[in-house]
Amino acid sequence: MAKILCVLYDDPADGFPPRYARDDIPTIDRYPDGQSTPTPEGLDFRPGELVGSVSGGLGLRNFLERAGHEFVVTSDKEGPDSVFERELPDADVVISQPFWPAYLTSDLIAKAPRLRLAITAGIGSDHVDLKAAVENKVTVAEATYSNSISVAEHAVMQILALVRDYLPAHRLVTDDRGWHIADAAQRSYDLEGMAVGVMAAGRIGVAVLRRLAPFDVTLHYTDKNRLPIELEEELNLVFHEDVRSLASAVDVLSIHAPLHPETKGLFDDELIGSMKRGSYLVNTARAAICDRDAVVRAVESGRLAGYAGDVWYPQPPPADHPWRNMPHQGMTPHVSGTTLSAQARYAAATREILENWLAGTPIRDEYLIVDQGHLAGSGSRSYTT
Ligand SMILES: NC(=O)c1ccc[n+]([C@@H]2O[C@H](COP(=O)([O-])OP(=O)(O)OC[C@H]3O[C@@H](n4cnc5c(N)ncnc54)[C@H](O)[C@@H]3O)[C@@H](O)[C@H]2O)c1
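Everything numeric here is computed off the predicted structure, so don't read it as measured data. (Residues numbered from 1 in each chain as written. Predicted model: local features only at pLDDT ≥ 70, side-chain atom pairs only at ≥ 80, totals over all residues. Heavy atoms only, no water.)

A. Quick look at the pairing of strand S9 (residues 252-255). Burial along S9 is two-sided: Val252 and Ser254 and Leu253 and Ile255, pointing in opposite directions, are all buried. Pairing analysis gives four bridges linking strand S6 (residues 195-199) to S9, with the strands arranged parallel. Looking at the pairing, Met199 lines up with Ile255 of S9. Two strands pair when backbone bridges link them, and S9 and strand S10 (residues 279-283) are joined in this way by four bridges, in the parallel orientation. By the bridge assignment, Leu253 is partnered in S10 with Leu281. (Buried < 20%, exposed > 50% of the residue type's maximum accessible area, 1.4 Å probe, protein only. Helix = DSSP H or I, 4+ residues; strand = E, 2+ residues; numbered from the N terminus. Pairing = 2+ DSSP bridges.)

This is the structure:
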């Protein structure tokens, strides 16, 4: 029997909603590239329920306990006295999420000799030391595509919110009973006609480009894997060999690359300084792709007219994290990939991965990041160790 240790974010502060805002979520059978949505043999929750927090347990408890496995779910993840670190040494499987990451460092992997599988219930496995996973033959799998469109929608929302200066205008309505139109308009622009680019055009980056095309913008991208020519022509894309060329060419830049040694700290004073004055930067990928203090300096100086995103380092960020209160920002907590719609898919994908692993049958190639001591599947395309 296996021990499955699952780290999830806390339940809602005021308890579970007595009734959800909507009665159902749309049924989606396939992702845009044709990949089928998760195909577990069973599901013990109703899609649209909050299963991503501790009490929801990704809807896995009955399935695992019926089969005699031990299932430990906690949000307590920091430090040697945390439930996570205390339960880790004899765990066979760790499930974690980018929204509330249990950082599986090389030291912790060394202290977990039984660990064979690390599942990311979401996308982005940078909270796992992939080099240590390779060396220790820990399989790393994630719910590829489960929340890509969720994140793309969030990025488009934040681009519009920054360019139009939506949040300050909204605050004028709620915090002030006046009618200050000039205050609302003084930093508000149209997106139409602007040059918009994505750094990395994988599943999310391409979905952002597709969603922005009807806004009559010019679309730019860079990626280490160039897109097919048909797609470049369809969306009228301008390809840039490197991020430096992209950064200086666009008014709005949205980051969609994984965090790995090539991208860590990439957006520093120099790169951001090469962007046009008054550019907008949106980062729903990983916080550490941007230099925290360089971003603060850029919004304060006006090099950036705005910064938004939902990713922070560390997570949760300390109360005095400067992105909480810097000017001209539209940050949210790490929520873009954990809408109720996304939860239904990544919980089902987690169940599918567990069903395969427990039965000794292959995990879908597209879910794999590391397998049998190598980068594998989606991981070999997007990551370096
Ligand atoms: N905010 C959230 O909730 C959330 C949710 C899902 C994913 N994400 C983040 O978004 C990232 C992208 O997700 P995806 O589903 O689009 O992944 P993907 O694997 O489909 O695409 C990643 C793309 O990045 C490109 N890339 C990698 N390194 C690069 C580099 N150095 N320069 C240029 N391009 C590079 C790859 O070629 C690939 O096209 C994830 O790795 C994750 O960190 C965030």
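So that's the structure; there's more coming.
B. Seen up close, the confidence of the model for the protein chain. This prediction gives the protein chain a mean pLDDT of 96; 100% of its residues lie at or above 70. If you check the scores for this complex, the pTM reads 0.96 and the ipTM reads 0.99. (pLDDT = per-residue confidence, 0-100.)

C. Structural context of the packing of aromatic side chains. Tallied over the full model, the rule gives seven aromatic pairs. When the ring of Tyr9 is compared with that of Phe99, the centres are 6.4 Å apart and the planes differ by 75°; the resulting orientation is edge-to-face. Pair noted here: Tyr9 is in the loop between strand S1 (3-7) and helix H1 (61-66) and Phe99 is in the loop between strand S3 (93-96) and helix H3 (106-110), with a separation of 90 residues, a long-range link. Phe99 shares its class with Tyr9; the two are buried. Between Tyr103 and Tyr313, the aromatic rings sit 6.1 Å apart at their centres with planes inclined by 65°, giving edge-to-face as the arrangement. Of this pair, Tyr103 sits in the loop between S3 and H3 while Tyr313 is found in the loop between strand S11 (304-309) and helix H13 (340-359), placing the two residues 210 residues apart along the sequence. Exposure remark for Tyr103: the relative accessible area of 23% places this residue in the partly exposed category. Classification of Tyr313 as exposed rests on a relative accessible area of 52%. An aromatic cluster is defined as three or more aromatic residues linked by ring pairs; in this entry it consists of Tyr9, Phe99 and Tyr346. Over the ring of Trp312 we find Arg324, and its NZ or CZ is 5.9 Å from the ring centre. (Phe/Tyr/Trp six-rings, centres within 6.5 Å; stacked < 30°, edge-to-face > 60°. Lys NZ or Arg CZ within 6 Å of the ring centre and 35° of its normal.)

D. Structural view of the packing of helix H5 (residues 148-164) against helix H8 (residues 203-212). Look at H5 against H8: their axes get within 8 Å of each other, and the N-to-C directions meet at 50°. Classified by the interaxial angle, the pair formed by H5 and H8 is oblique. Crossing of H5 over H8 shows right-handed handedness. Taking contact as the criterion, the partners of Ser148, Ile149, Val151, Ala152, Glu153, Ala155, Val156 and Ile159 in H5 are, on H8, Arg203, Ile204, Ala207, Val208, Arg211 and Leu212. Looking at the contact of H5 with H8 residue by residue, the class counts come to 10 nonpolar, one polar and three charged. (Axes fitted to C-alpha atoms, helices over the stretch in contact; angles between N-to-C directions. Parallel < 35°, antiparallel > 145°, perpendicular 65-115°, else oblique. Left-handed = near helix turned anticlockwise from the far one by under 90°. Contact = heavy atoms within 4.5 Å. Nonpolar A, V, L, I, M, F, W, Y, C, P; charged D, E, K, R; others polar.)

E. Focus on the site of the ligand. Taken together, 32 residues surround the ligand, and among them Ile204, Asp223, Asn225, Glu262 and Ser382 come closest. One nitrogen or oxygen atom from the side chain of His260 is found 3.0 Å from a nitrogen atom belonging to the ligand. In this structure, Arg381 approaches the ligand through a side-chain N or O atom, which is 3.4 Å from an oxygen atom. Burial of the ligand by the protein chains amounts to 95% of its free accessible area of 860 Å². Elements supplying a minimum of two residues to the shell around the ligand: H5, H8 and helix H14 (377-382). Residues from two domains meet in the shell around the ligand; each of domain 1 (3-147 + 338-376) and domain 2 (148-324) gives at least three. (Near = heavy atom within 4 Å. Polar contact = N/O pair within 3.5 Å; in protein donor to acceptor, adjacent residues only side chain to side chain. Areas by Shrake-Rupley, 256 points an atom, 1.4 Å probe, with all protein chains shown as cover. Domains from an automatic or database assignment.)

F. Structural context of the sheet that holds strand S12 (residues 368-371). Read from one edge to the other, the open sheet built from seven strands follows the order S2-S1-S3-S4-S5-S12-S13, with strand pairing classed as mixed. Only two strands of the sheet have a single partner each, and these edge strands are strand S2 (70-74) and strand S13 (374-375). Here strand S5 (residues 139-142) pairs with S12 via two bridges, running antiparallel. If you follow Val140 over to S12, its bridge partner there is Val370. Packed onto the sheet, H13 meets S1, S3, strand S4 (117-120) and S5 and runs at close to 165° relative to S4.

G. Spatial organisation of the side chain of Arg351. Within the secondary structure layout, Arg351 lies in helix H13. Classification of Arg351 as buried rests on a relative accessible area of 6%. If we skip the residues at most four places from it in the chain, Arg351 touches Pro40, Gly42, Leu43, Asp44, Leu60, Phe63 and Arg66.

H. Highlighting the pattern of salt bridges. In total, this model carries 20 salt bridges according to the counting rule given. Put simply, Asp126 and Arg286 hold a salt bridge, and the shortest N to O gap is 2.8 Å. Remark: Arg286 occurs in the loop between S10 and helix H12 (292-301) and Asp126 occurs in the loop between S4 and helix H4 (130-135); sequence separation between them is 160 residues. With a relative accessible area of 12%, Arg286 lands in the buried category. Note that Glu355 and Arg351 form a salt bridge whose closest N and O atoms lie 3.0 Å from each other. (Salt bridge = Lys/Arg side-chain N within 4 Å of Asp/Glu carboxyl O.)

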